[in-house]
Amino acid sequence: MASLLLRRATRLQCSSLARLLAPGCVRALNVDHGAPLQGIPPPLQGVKVLDLTRVLAGPTATMLLADLGADVIKVEEVSRGDDTRSWYPPSAPLTPSAPQEASHLPPESAYFLAVNRNKRSITVNFKEPEGLEIVHKLVKEADVLVENFISGKLAEFGLGWEDCRKLNPRLIYASITGYGQTGPFRKAAGYDVIVEAEAGLMHITGEPDGPPCKVGVAVTDIATGLYAHGAIMAALLSRQRTGQGVWIDCNLFESQLAGLANIASNYLIAGQQGSRHGTAHPSIVPYQVFPCKDGFIMIGAGNDKQFKLFAEKILERSDLPTDPRFSTNKARVANRKELVSLITDTLQKEGRDHWIEKLTGLGVPFGPINDIGQTFTHPQVAARQMVTDVEHPRAGKIKLVSPAVTYNGKRMPIARPPPYLSQHTREVLTELGYSGEEIERLREKKII
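The rules behind each value
Residues numbered from 1 in each chain as written. Predicted model: local features only at pLDDT ≥ 70, side-chain atom pairs only at ≥ 80, totals over all residues. Heavy atoms only, no water. Helix = DSSP H or I, 4+ residues; strand = E, 2+ residues; numbered from the N terminus. Polar contact = N/O pair within 3.5 Å; in protein donor to acceptor, adjacent residues only side chain to side chain. Phe/Tyr/Trp six-rings, centres within 6.5 Å; stacked < 30°, edge-to-face > 60°. Buried < 20%, exposed > 50% of the residue type's maximum accessible area, 1.4 Å probe, protein only. Pairing = 2+ DSSP bridges. Axes fitted to C-alpha atoms, helices over the stretch in contact; angles between N-to-C directions. Core = buried A, V, L, I, M, F, W, Y, C linked by side-chain atoms within 4.5 Å. Contact = heavy atoms within 4.5 Å. Lys, Arg positive; Asp, Glu negative; His and termini not counted. Salt bridge = Lys/Arg side-chain N within 4 Å of Asp/Glu carboxyl O. Parallel < 35°, antiparallel > 145°, perpendicular 65-115°, else oblique. Left-handed = near helix turned anticlockwise from the far one by under 90°. Nonpolar A, V, L, I, M, F, W, Y, C, P; charged D, E, K, R; others polar. Right-handed = clockwise from strand over helix to strand, strands pointing away.

Student: Mind showing me how you'd approach the environment of Thr360 here?
Tutor: By the element assignment, Thr360 lies in the loop between α13 (352-359) and β13 (366-368). Separated by 41 residues in the primary sequence, Thr360 and Val401 place their C-alpha atoms 27 Å from one another. A polar atom in the side chain of Thr360 sits 2.6 Å from the backbone oxygen of Ile356.

Now the structure itself:
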């Protein structure tokens, strides 16, 4: 947009976020109204992250750190790796040119590929002393360690917070669990769908006359990953001020509780229980999905002005905005059933595209209900380059959802495809000082 102020920061090159934020390391902003959008250098370049997470919440957090330039080393179980590697079909088809060293591995699952871009993969059996020694060496060099084992489990192997802070007092140690490090449920495993049920989300999801439903994607896991990512960024800032590491306690249960937002506030402030409304809103009408002749459309007339436009231009009922049953949102909520029936009868007379054309530019929020194929052919997806083609060593060219944020008009690059299992073990161990002979010996003993 031409009216936007474009700002570029001229700054000294630094090797990590901590140094970037040191006094004198960032120079004053120079405003250049006509400069082209250039993006920003990867802000976490030089930050090392030891990733001991699996499945979704933890890998989401570490992927976001990797997107920002951190060197994320994903430590996986030797024979199987991350659980999601076996969650297929679907999977990416293998190419004839795939590396021979990986020929024994299963295909690359779509689930794993979704949340592991920009990382390196090593396999280590840290239950064995030689494997533990490898991980301890990595801990000494790391800025951040992220893990999602049951509370206290890593301490049994010598990789708990107290063990690791002795090796590296500046380490940021992020624990992602189901219920946190304290309390009666601290030893319980965390599963998205279970926490959706236990922390209220499932109770408010579904049709009013139907059973509770889970959300179509693991939103509790994803939200927890986002919280963990933000907490790690904050801890990096804290370390710059204090010089000390931080133990982050992030969990699915509290993330979901926080995610109840206004529903939680309704209960805490007014004692009002949440309930299921399908796609409808408990406090706004009309604000829900309506059937058309050949599909569905979401309508969100959130105030009286929007409802007036909707009633006059779409329903062709100029009497409704002055009808006492519908003249205010409070009245519309009280007479929800009657109004929804009236709108449904009208919209079912024509197809979805007819109503999209009439609603476009009107000023009433709306959106078609797209399936996943329609979503990825949405013109905004192409315009914003929201899908990136990536060359994978085993699967050839694959498509990944691009990082969701742009900086000065550019996204952070996908510099590495999601790794195949143990792809970087030799590389990382060489960086740690292991010789080729030592690496082969460790491989023969199934330590790596």
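Student: In this structure, what is going on with the packing of aromatic side chains? I would like to understand it.
Tutor: Think of a pair of aromatic rings as described by two things: how far the centres are apart, and how the planes are tilted against each other in angle. A complete count under the given rule lists eight aromatic pairs for this structure. Centre to centre, the rings of Trp161 and Trp247 are 6.1 Å apart; their planes meet at 20°, and the pair counts as stacked. Of this pair, Trp161 sits in helix α5 (residues 161-167) while Trp247 sits in strand β10 (residues 246-251), and the two are 86 residues apart along the sequence. Since its relative accessible area comes to 39%, Trp247 is described here as partly exposed.

Student: Would you mind going over the sheet that holds strand β12 (residues 296-300) with me for this structure?
Tutor: If you walk across this open sheet you meet the three strands as β11-β12-β13, and the pairing is antiparallel. Both edges of this open sheet fall to β11 (287-291) and β13, since each of them pairs with a single strand only. Strand after strand, the sheet turns through a mean of 20° between neighbouring axes, direction not considered. Here β12 runs beside β13; their pairing, made up of three bridges, is antiparallel. Paired with Met298 across the strands is Gly367, a residue of β13.

Student: Sorry, what's going on with the nonpolar core here?
Tutor: Most often, soluble globular proteins keep nonpolar side chains buried together rather than apart. One finds Phe126, Ile134 and Leu138 to be the most contacted residues of the largest nonpolar core, which totals 30 residues. Contributions of two or more residues to this core are made by β3 (48-52), β4 (71-76), α4 (129-141), α5, α16 (425-431) and α17 (436-444). For Leu138, the contacting residues outside a window of four places in its chain are Leu50, Ile73, Val75, Ile122, Val428 and Leu432. Leu65, Ile176, Ala235 and Leu252 belong to the second largest nonpolar core, which has 26 residues in total.

Student: Looking at this structure, how should I read the environment of Asp82?
Tutor: Following the sequence through the fold, Asp82 ends up in the loop between β4 and β5 (91-92). Between the alpha carbons of Asp82 and Leu52 there is a distance of 9.6 Å; along the sequence they are 30 residues apart. Once residues lying within four places of it in the same chain are set aside, the contact partners of Asp82 are Thr53, Arg54, Val55, Pro59, Lys74, Glu76 and Phe112. For Asp82, the side chain forms a polar contact with the main-chain nitrogen of Thr84, separated by 2.9 Å.

Student: Just checking my understanding: could you explain the side chain of Asp192 for this structure?
Tutor: Inspection of the secondary structure assignment puts Asp192 in helix α6 (residues 192-198). Look at Asp192: it is buried, it has no salt bridge, and the nearest opposite charge is Lys214 at 6.6 Å. Polar side-chain contacts of Asp192 include one of 2.9 Å to the backbone nitrogen of Asp221. In this structure Asp192 touches Ala218, Val219, Thr220, Asp221 and Leu252, once residues within four positions along its chain are discounted.

Student: Where do I start with the sheet that holds strand β9 (residues 172-177) in this structure?
Tutor: Backbone hydrogen bonds hold the strands of a sheet together, and the pairing may be parallel or antiparallel. Here six strands make up an open sheet; going across it, the order is β7-β4-β3-β8-β9-β10 and the pairing parallel. Of all strands in the sheet, those with a lone pairing partner are β7 (119-123) and β10, marking the two edges. Each neighbouring strand pair of the sheet contributes to a mean axis angle of 20°, computed without reference to strand direction. Pairing of β9 with β10 involves six bridges; the strand directions are parallel.

Student: I'm lost on the side chain of Gln306 in this one. Help?
Tutor: Note on placement: Gln306 falls in helix α10 (residues 304-314). On the basis of relative accessible area, Gln306 is assigned to the buried category, the value being 16%. Beyond its immediate sequence surroundings of up to four residues, Gln306 is in contact with Gly300, Ala301, Gly363, Val364 and Pro365.

Student: Just checking my understanding: could you explain unusual backbone geometry for this structure?
Tutor: For residues besides glycine, phi is generally negative; the peptide bonds are generally trans as well. The omega angle of the peptide bond from Tyr88 to Pro89 is 5°, so this bond is cis rather than trans. Tracing the backbone shows Pro89 in the loop between β4 and β5. Here the amide bond leading from Pro89 into Pro90 is cis, since omega sits at 0°, within 30 degrees of zero. For Asn408, which is not glycine, the phi dihedral falls at a positive 50°. Looking at where Asn408 falls in the secondary structure, it is placed in the loop between β16 (406-407) and β17 (410-411). Despite not being glycine, Lys446 shows a phi value in the positive range, around 60°. By the secondary structure assignment, Lys446 is in the segment after α17.

Student: I keep staring at the packing of α10 against α13 and nothing clicks. Help me out?
Tutor: A pair of packed helices can be characterised by two numbers: the angle between their axes and the separation between those axes. Following both chains from N to C, one finds α10 and α13 inclined at 125°, their axes separated by 11 Å at the closest point. Between α10 and α13, the interaxial angle falls into the category oblique. The two elements α10 and α13 meet at a crossing, and its hand is right-handed. Every residue of α13 that contacts α10 at Phe310, Lys313 and Ile314 is listed here: Trp355, Lys358 and Leu359. Of the residues assigned to the contact of α10 with α13, the class counts are four nonpolar, no polar and two charged.

Student: Is there a simple way to explain the pairing of β3 in this structure?
Tutor: Working note: regular strand, side chains alternate between the two faces of the sheet. Among the five residues in β3, four count as buried, and that is most of the element. Note that β3 and β4 share four bridges and pair parallel. The partner of Asp51 across the bridge, within β4, is Lys74. In this region the chain leaves β3, passes through helix α2 (residues 57-67) and returns to the parallel neighbour β4; the handedness of that crossover is right-handed. Sheet topology places β3 next to strand β8 (residues 144-147); four bridges connect them, and they run parallel. Residue pairing across strands places Val49 opposite Val144, the latter belonging to β8.

In short, the description is geometric, and any link to function would need to be established separately.
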